Amino acid sequence: MLLHILIASVCFTLIIPNTRGAKCKDGDHIGEGDPKGKDDDIDTTNGLSFLFDRSDSKMTFDCCGFVKQWEFYAKANTGTVYFQVWRPAGASYTLVGENMYTVSSGNENKEIQYPISTSERVSVQSGDIIGIYQPGSPIVSHKEEGKTNEYRQTTAVGGLAVGSTFNWGTVSQSTKRKYAIRADVTNGNNPSITNLAATVTFTDDTAVGTVLFTVAVADADTLDTLTTTMTTTTSLFSFDATSLEVKNTQQLSAGTTTLNFQVSDVCGNTDSGTLTIIATNIPPVIHNLPYNTDVTEDLTTELQLYVINATDTSPYDTVTCSIQSVSPTTSIFFTKITSGSSYGIYIQAFPSLSYDAVNVYDLTVACTDSKDTVTGTFYVYVTRNNAPVFTNLQASVNTTSQTPTSTSIYTVTSSDSEGDQLYYNMTCSSPSCPFAIFHSGEVRTTANLAGYTEAGYDLYIYVYDGTTLVGPKTLTVIVTDINSAPTITNLPLASSVPVPENSPLGLSVFQVSYTDIDSTDAHVFQATYSPSSGGSILTINSTTGLISTSSSANINFESLTSASVVVNVQLSDGTTSATSSLTVSVMDVNEAPGFGKTLYHLTGTEGAAGSLVGNPAFDVTDPDTGATQKFSIDCPEFNMDSTTAAVTLAANYDLDISGVASQVTCNVSVTDDELTATSLLQITITDVNDNTPSFGQPSYTFYAQPNVAVGNVLGSVVATDADVGEFGTVSYTLDQVSLGNEYFGVQSNGDLYVKTGLTSFSSGQTLSLTATVTDSGGLTDAATVTIVIPESTTAAPTTTTDRHVTFLEDPRNIAWVSVGVVILLGLVALMVYQSFKFNDYSRLAQWCQRSSSKPSNKPRRHYRIPHYHSKRVRDIPEIRYSSNSVETEWQPWRTGTQEL
């Protein structure tokens, strides 16, 4: 039993209290459901306090709410009983609340229901435990039926105040009793914020930390604990959850801020509300406007016109002032900070005021604290300026021509009623005036008067006070001993003097004339030129005044920067001088173009008409800028482009034709359409390899006995080339690779000879090889060469010496010659017949004439037949014929030869 109590005590101490739990519902209860069923017995000890075990779920609150009624069974005694709610915190417990009830006589042995008024209801949370305190005789009955730990009982607690604590862990637990008590619960009333929503207004000068609002909360459950919070996050305002005061934590900015608040009770019932705080700005105040002031129209310095007195009650605001507008519009007024933080109205230096133009300015001054702006009016009145007065003009003064530079000759004086600074200025009657006036009024010479010729000068003097200009007043200066200046009499001219370019050196252009009253003066002429380069083409005689062309350089119009030269002539008598000018115009003269050389060379090649020979690149110059040049050539063989001077062939040019020259010298000309220059052009035409060498026939046939001697000439394969000179030189080669050896050779003249013995060949055998001719330019022709080894005859020749085969010994020649002779005889007979028939012998004469015409000079190829020692054979005349065609010219005077 003791061990059981010890374990229960430890468990009681370690149990962690519950949170407030879910909200209670009306009709729920804690404790015995039917207290009357526990009316068996009653305690006997006075002053007892009970705390039911928190492990007993029947006697422990499991929700958050309020006790709205106690129900118990009063046994035999009368007196006071306290129904309590304890909240565990470890081994100690806090008395959360209690309700006292007095059982009067006549109420014994009854089940009593004790309703609790709203204001006295005890707030409970999940985990709270029911307790009973009976300061006198025991009242609440119990029944012996418990089996586990159900309550603690002690007389040590006594009458504690609500909120006090007691260590129930020192009180042992008891069993076997069920006390007749029950607590009916309710969820209670919701809390409320009673003074929101609300709006409060403050000015922006409200001190930091001012209580702006106090939130008021209420709950019909007066014993409930309320928690109030400001749910808006802001650094501008603070909220005290205890005093419920809202304060500003910094200077208020003009504008509106909304703060949200919430109140909640221990059971989580809430209410919310909003507080709107409006911060209003206190605008600044201008205390000393409208106002006005006067300024004189001759003001020259910056001037402070007024100091603006503008303030703002807010210690956080800074006031700035400026000129918002000016009527009439001008920019001469402005504001700036004076001493401290005040602003002043200023007018700039030299404002150019004019009373007659504007005599009053209306200024609108604006002052702002950056939130609100206030304005005021400031008037500036312009007062008229009093003009200064000369006190010693008009006047005159005498001086001499010997007066040096910077000599004071007079001092002008003036007065001004306003004391303004006075300024002097002057003009003069002469354009060359040697006098000046200073601001002090002093008149001085600016040059030595000895160099001037005027006897007197009128000086027109003005005085100015910054606003009003007075004058002119005249000061006459008389030079008592002045020299008379010379006068140029024939300048300036109304028109320019023309001078052609390339004029002779030293050509007279113009004679300057002059007069001077002082006839004994020595006069000297000088001149300047515009542009200055005119001094290189013109000169003036310092004694006579004669203007002439330069004696050292001709005038070249094209090299001038300007064709017009202004000659500024100065005539000095040693003291004074006269100046004038004339214009000389240089006239452009056409000048002939010219070749840079007397002979040019050009090399080209032969070719067809129109072929380009080349461009001689003439270095032609023409002094006249922009002149058009045209070229020409006098050789008929060539053409020349008139613009580019390119040379082309006028006709086909072939150096292979006899008499065509390879070098020609021509006259060439260039003209500007008016003047012409000539030179020589030597044109060299070079030969072109434009002809291919030719054998004249595609094949050759020669006969040779096998025993023919080495070196014996079998015949000729001579070729021709129409090129003359280098490209007309030809060379021969034989291709006899198929024979396996070089049996034959060809000489430079085209003769084919035996190079190696032919004994290896048999009679009747035919040999084939190719002959090639090549000129020096690489052009070639080829022909087939056939060597026939004849069949052996029964009668041996009388000699072993080979001979050339004659024309008639070749049976092939006999065949075609026979046919040709028949055709020729037929044609001759036909022509004779027609001539006799029509009595017209002209055609017959023409044929005879053509037959007797000069033969071609082309070389002929001959077949030579070796001569045997037979009279018949030797008597056969040698036949020669062309390789290209049958000979058409009959030459009966040639002996021993017949040509077909």
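Draft legend 1. Local environment of the state of the cysteines. Summed over the entire model, instances satisfying the criterion amount to five disulfides. Two residues share a disulfide in this structure: C321 and C367, whose sulfurs sit 2.1 Å from each other. Judged by the sign of its S-S torsion, about 110°, the cystine formed by C321 and C367 is right-handed. A residue pair is termed long-range when its members are at least 10 positions apart, and C321 in strand β28 (residues 320-327) and C367 in strand β31 (residues 360-368) qualify at 46 residues. The pair formed by C321 and C367 is uniform in burial state, with each residue classed as buried. Each bonded cysteine in the protein chain gets a number by its place in the sequence, and the pairs come out as 1-2, 3-4, 5-6, 7-8, 9-10.

Draft legend 2. Spatial organisation of the nonpolar core. Among the nonpolar cores identified, the biggest contains 40 residues, and F52, F61, W70, F72, F83, I130 and I181 are the most heavily contacted of them. Every element with two or more residues in this core is listed here: β2 (48-52), β3 (65-74), β4 (79-89), β5 (92-103), β6 (110-115), β8 (129-134) and β14 (181-186). Once residues lying within four places of it in the same chain are set aside, the contact partners of F83 are W70, F72, G97, E98, N99, Y101, Y114, G131, V140 and I181. V708, V717, A719 and L752 belong to the second largest nonpolar core, which has 26 residues in total.

Draft legend 3. Focus on the sheet that holds strand β60 (residues 699-703). With respect to topology, four strands assemble into an open sheet ordered β60-β66-β65-β62, the strand pairing being mixed. With partners counted over all chains shown, the strands left at the sheet margins are β60 and β62 (730-735), one partner each. On average, each strand axis in the sheet is inclined to that of its neighbour by 25°, with strand direction left out of account. Sheet analysis places β60 next to strand β66 (residues 780-788), joined by five bridges and oriented parallel. Bridging from a neighbouring strand, Y700 pairs with V785 of β66.

Draft legend 4. Layout of the side chain of H523. Note that H523 resides in the loop between β45 (514-515) and β46 (524-530). When its relative accessible area of 15% is taken as the criterion, H523 is described as buried. Separated by 2.7 Å, the side chains of H523 and D516 make a polar contact. Of the polar contacts made by the side chain of H523, one reaches the backbone oxygen of D521; its length is 3.1 Å. Those residues in contact with H523 that sit more than four places away from it in its chain are P486, Y514, D516, D518, S542, L571, S572 and D573.

Draft legend 5. Region of interest: the packing of aromatic side chains. One pass over the structure, following the stated rule, counts 28 aromatic pairs. With centroids separated by 6.4 Å and ring planes inclined at 5°, the aromatic side chains of Y700 and F702 adopt a geometry described as stacked. With a relative accessible area of 3%, F702 lands in the buried category. Joined through ring pairs, the aromatic side chains of W70, F72, F83, Y101 and Y114 make up one cluster. Here the basic side chain of K336 rests over the ring of Y346, its NZ or CZ set 4.7 Å away from the ring centre. Here R444 stacks its cationic end above the ring of F438, 4.9 Å away from the centre of that ring.

Thresholds applied
- Residues numbered from 1 in each chain as written.
- Predicted model: local features only at pLDDT ≥ 70, side-chain atom pairs only at ≥ 80, totals over all residues.
- Heavy atoms only, no water.
- Disulfide = S-S within 2.5 Å.
- Helix = DSSP H or I, 4+ residues; strand = E, 2+ residues; numbered from the N terminus.
- Buried < 20%, exposed > 50% of the residue type's maximum accessible area, 1.4 Å probe, protein only.
- Core = buried A, V, L, I, M, F, W, Y, C linked by side-chain atoms within 4.5 Å.
- Contact = heavy atoms within 4.5 Å.
- Pairing = 2+ DSSP bridges.
- Axes fitted to C-alpha atoms, helices over the stretch in contact; angles between N-to-C directions.
- Polar contact = N/O pair within 3.5 Å; in protein donor to acceptor, adjacent residues only side chain to side chain.
- Phe/Tyr/Trp six-rings, centres within 6.5 Å; stacked < 30°, edge-to-face > 60°.
- Lys NZ or Arg CZ within 6 Å of the ring centre and 35° of its normal.

Nothing here speaks to function; it is all geometry.
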